Amino acid sequence: MSVTNRSNTNSLPFLLMGIPSLEDLHMWISIPFFFMYVMTLLGNTMVLLTVRLDKSLHEPMYYFISMLAVIDLIFSTAVVPKMLGVFWLDSREIGFEACFIQMFFIHTFTAVESGVLLAMSFDRYIAICNPLRYTTTLTSQRTIQIGLLSLVRGAGVMTPLMCLLISLPYCKTRVIPHSYCEHMAVVELACADPSVSNLYSLIVATLLVGTDSIFITFSYGMVLRSVMRLPSQEARLKALRTCGSHISIILLFYIGGLLSMYLQMFSFGLAPHVQVLVADLYLTVPPMLNPLIYGIKMKQIQEGIFKLLSRLTGLSISQA
């Protein structure tokens, strides 16, 4: 294929199918996704405001929680509004560049979240195993640097993948059998060998997830060993409650991500709409549940949210 023809072909928009074979149910399917998106916006915004306004929460652990809230807001906003446009308005068209920008945000912030979860495990390791060194090791400046490093790492490893994918000619059908620009679904539309991009994405995913998972497991293993040695049962329960919320988020993130990835790579005899629904739920359920888990599991966040709501309620009453 000539360079000119390839350029002309790649300038054409893609068409998102939504959920294959369930097009007639799009309106009904959109209801839970809309609800989850609204809950994601409200919950994560509430966490950000609580940490911002409550000075007692100006600590590294809550900064990391704020980073997760920002990631969840970006993550879901990159996908759900367009998904709802497909469901509600049959607005299936997405520009060629917009498709890969959406894909870039999804993969980049998945990698960033993995880095933040690793940082949170390190935070708990220092706080419980070396408490005397906590304030000197994890300063506010160093916490911000860790967050920026996670962002640079995510963008750095995903930029080459996007360059590889954009360089492929897409001369097959322009219809993506998905609700968003899912990586594997888009690659299948290429009429050139995508083995280089597939190999790169597999290596990057394995190294990132594998390395982060190993260090996270080691950190929480050491934390658990230290917690079991605490003389006070109350202290043990307090430490386990704090770490329990972190572990819940980690399991939700990694298990959901691996399930979604493997179902896209290997169908296991499942209908296409099941694969698409699992992928859609992975991008919408964790961002909604993260602030709920922190609100339920972490007493400080819970108290901060109550303070914020009381302040907002009092302000509205005084204005009325």
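Residues numbered from 1 in each chain as written. Predicted model: local features only at pLDDT ≥ 70, side-chain atom pairs only at ≥ 80, totals over all residues. Heavy atoms only, no water.

Looking only at helices and strands, the protein has 12 helices and 3 strands in total. Relative to its full complement of 320 residues, the protein shows a buried share of 43%. Contacts in the protein between residues at least 24 apart in sequence constitute 79% of all its contacts with a sequence separation of at least 6. About 16100 Å² of surface is accessible on the protein, with carbon and sulfur atoms providing 70% of the total. (Helix = DSSP H or I, 4+ residues; strand = E, 2+ residues; numbered from the N terminus. Buried < 20%, exposed > 50% of the residue type's maximum accessible area, 1.4 Å probe, protein only. Contact = heavy atoms within 4.5 Å. Areas by Shrake-Rupley, 256 points an atom, 1.4 Å probe, with all protein chains shown as cover.)

This next bit is on the UniProt feature "transmembrane region" (unreviewed entry) in the protein. Here the UniProt feature "transmembrane region" (unreviewed entry) sits at residues 25–49, 61–80, 100–122, 143–168, 199–223, 243–263 and 275–296. Segment residues 199–223 splits into 100% helix and 0% strand. End C-alpha atoms: 36 Å apart. (UniProt positions renumbered as here; feature names shortened; annotations may be inferred.)

So, about the nonpolar core. Core analysis: the largest hydrophobic core is formed by 75 residues, its most contacted members being Phe14, Leu117, Leu165, Tyr170 and Ile176. When residues no more than four places from it in sequence are discounted, the contact partners of Phe14 are Arg92, Glu93, Ile94, Phe96, Cys99, Phe100, Tyr170, Arg174, Ile176 and Leu189. (Core = buried A, V, L, I, M, F, W, Y, C linked by side-chain atoms within 4.5 Å.)

Moving on to the pattern of salt bridges. According to the stated counting rule, one finds 3 salt bridges in the structure shown. Across the pair Arg92 and Asp90 runs a salt bridge, and its minimum N-O distance is 2.5 Å. Among the residues examined, Arg92 registers a relative accessible area of 24% and is labelled partly exposed. In this structure, the salt-bridge partner of Arg124 is Asp123, at a minimum N-O distance of 2.7 Å. A relative accessible area of 9% means that Arg124 is categorised as buried. With a relative accessible area of 0%, Asp123 lands in the buried category. (Salt bridge = Lys/Arg side-chain N within 4 Å of Asp/Glu carboxyl O.)

Applying the stated criterion across every chain, the model contains 2 disulfides. Two residues share a disulfide in this structure: Cys171 and Cys191, whose sulfurs sit 1.7 Å from each other. Handedness of the Cys171-Cys191 disulfide follows from its S-S torsion of about 135°: it is right-handed. Taken together, the positions of Cys171 in the loop between helix 7 (140–167) and strand 3 (175–176) and Cys191 in the loop between helix 8 (183–187) and helix 9 (195–228) put the pair 20 residues apart, joining distant regions of the chain. (Disulfide = S-S within 2.5 Å.)

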